[in-house]
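Results of the structural survey
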Amino acid sequence: GRLQERIDEQERVFAAVRRMIDELGGQASPAGGEGLDELLAGIATLLHEHETSRVLLRRLVETLPDLVWLKDGNGVYLDCNPRFEAFFGAPRAEIVGRTDYDFVDAELAAFFRANDQRAVDNGGPTVNEEWVTFASDGHRELLETTKTPMYDDRGRLLGILGIGHDISAQRQIEDALRESEQHFRTLANTGSVMIWTSGLDKLCNYFNEPWLRFTGRSLEEELGDGWTTGVHPDDLARCID
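To start, this report covers the structure provided alongside it. (Residues numbered from 1 in each chain as written. Predicted model: local features only at pLDDT ≥ 70, side-chain atom pairs only at ≥ 80, totals over all residues. Heavy atoms only, no water.)

**Some points on the overall build of the protein**
Keep this limit in mind: Numbering of helices and strands runs from the N terminus, with a helix taken as a DSSP run of H or I at least four residues long and a strand as a DSSP run of E at least two residues long. Any residue under 20% of the maximum accessible area for its type is buried, any over 50% is exposed, and the rest in between are partly exposed; the area is computed with a 1.4 Å probe on protein chains only. When checking whether two residues touch, look at their non-hydrogen atoms; a contact exists if any pair is within 4.5 Å. The protein chains shown are the only cover counted for residues, whose accessible areas, like all others here, come from Shrake-Rupley with a 1.4 Å probe.
Along its length, the protein carries nine helices and seven strands. Split into buried and exposed, the 241 residues of the protein put 27% on the buried side. Relative to all contacts within the protein whose residues are 6 or more apart in sequence, the contacts with residues 24 or more apart total 33%. About 15,400 Å² of surface is accessible on the protein, with carbon and sulfur atoms providing 56% of the total.

Here's what the structure looks like:
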């Protein structure tokens, strides 16, 4: 892809400059060669800063607990981090230059590519959820995946950056809460006992079915302080207190 070609070309240029510095650095500077020494020192500083930035960026990506990857516009992988290597069950060197179709079944690969294209069409980040199985050990994770296109200064597409965040535990908690709520509602709606709840503001936020059957009113009518319209004025003060 164009992005990888630019990276490779940049590395070749820096390598050539390094060789030039090595070759010239050992020679005695000619008269008035202080400018050359300063130039070489400046280039060396830039090379060092570039190398430091590159290493720090690589360490950052490798340290992230999320899956991180980069593809070109054709779906060819340009880079990925160790968490993504675990997903495909292959080292980065074997992933770069290949596509989803080389690692997952055609249906899932097509799903990945469709979401890549959706991010490009959107012109910005898109988010979706997907269950994936890690080839490294067979465990499954629910990923919240964010994909965003990357462009150069001329607006040309360089690649599509993806980040997959594991939300499996969060989803388990949400499912458990839903099950607990459903269990509570089942118990509350069984029998003839009337149940309601209210907040500190004394506005009611729940009524069970026996209450609604007794009053003959809808839940929407009863919520908040709506239930007070169905109470006899002589009893209202005692009900509120």
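Additional details are given in the paragraphs that follow.
**A look at a nonpolar patch on the surface**
Our working definition: Distance thresholds for patches are 9 Å for like charges and 5 Å for nonpolar side chains (Val, Leu, Ile, Met, Phe, Trp, Tyr), applied to residues having over 30% relative accessible area and no salt bridge. Salt bridges are counted wherever a side-chain nitrogen of Lys or Arg sits within 4 Å of a carboxyl oxygen of Asp or Glu.
On the surface, Met194, Trp196 and Phe214 cluster together to form a nonpolar patch covering roughly 360 Å² of accessible area. Among the structural elements, tryptophan 196 can be located in strand β6 (residues 196-198).

**Re the packing of aromatic side chains**
We describe a pair of aromatic rings using the distance from one ring centre to the other and the angle between the two ring planes. In plain terms, the rule: Aromatic pairing here means that ring centres of Phe, Tyr or Trp (its six-membered ring) are within 6.5 Å. Orientation follows from the plane angle: under 30 degrees is stacked, over 60 is edge-to-face, and everything else is tilted.
Here the structure, examined in full by the defined rule, presents 11 aromatic pairs. Measuring from ring centre to ring centre gives 6.4 Å for phenylalanine 87 and phenylalanine 112, while their planes differ by 70°; the resulting arrangement is edge-to-face. Of the two residues, phenylalanine 87 is situated in helix α3 (residues 82-88) and phenylalanine 112 in helix α5 (residues 106-122); the sequence distance between them amounts to 25 residues. For phenylalanine 87, a relative accessible area of 6% puts it in the buried group.

**Re empty space enclosed by the protein**
To keep it simple, the criterion reads: Think of a 1 Å grid over just the protein atoms. A cavity is a set of points where a 1.4 Å probe fits yet cannot get out, a pocket is an open set with protein on both sides within 12 Å along at least five of seven lines, and lining residues have an atom within 4 Å of a point. Grid points are joined across faces, edges and corners, and a volume is the space filled by probe spheres set on the points. Note on residue categories: nonpolar means Ala, Val, Leu, Ile, Met, Phe, Trp, Tyr, Cys or Pro, charged means Asp, Glu, Lys or Arg, and polar means any other residue, Gly included.
Following the criterion strictly, the structure yields one cavity of 30 Å³ or more and no others. Contributing to the lining of the largest cavity are Leu67, Trp69, Lys71, Tyr77, Phe84, Phe87, Asp100, Phe112, Glu130, Leu143 and Lys147. Contributions of two or more residues to the lining of the largest cavity are made by β1 (67-71), α3 and β4 (140-151). It is β1 that provides the largest number of residues to the lining of the largest cavity, a total of three residues. A breakdown of the residues in the lining of the largest cavity according to their chemical character gives seven nonpolar, no polar and four charged.

**Describing the sheet that holds β1**
Selection rule: DSSP calls a pair of strands paired once it identifies at least 2 bridges connecting them. Between N-to-C directions, angles span 0 to 180 degrees; the directions come from axes that are lines fitted to C-alpha atoms, helices contributing only their stretch in contact.
Read from one edge of the open sheet, five strands run β2-β1-β5-β4-β3, paired in antiparallel fashion. Looking at strand neighbours, the two that pair on one side only are β2 (77-80) and β3 (126-133), the edges of this open sheet. Mean inter-strand twist for the sheet, computed between neighbouring axes without regard to direction, equals 25°. Sitting on the sheet, α5 is in contact with β1, β3, β4 and β5 (157-166), with an inclination near 170° to β3. Contacts from helix α6 (residues 168-188) reach β3, β4 and β5 within the one sheet, and its direction differs from that of β4 by about 125°.

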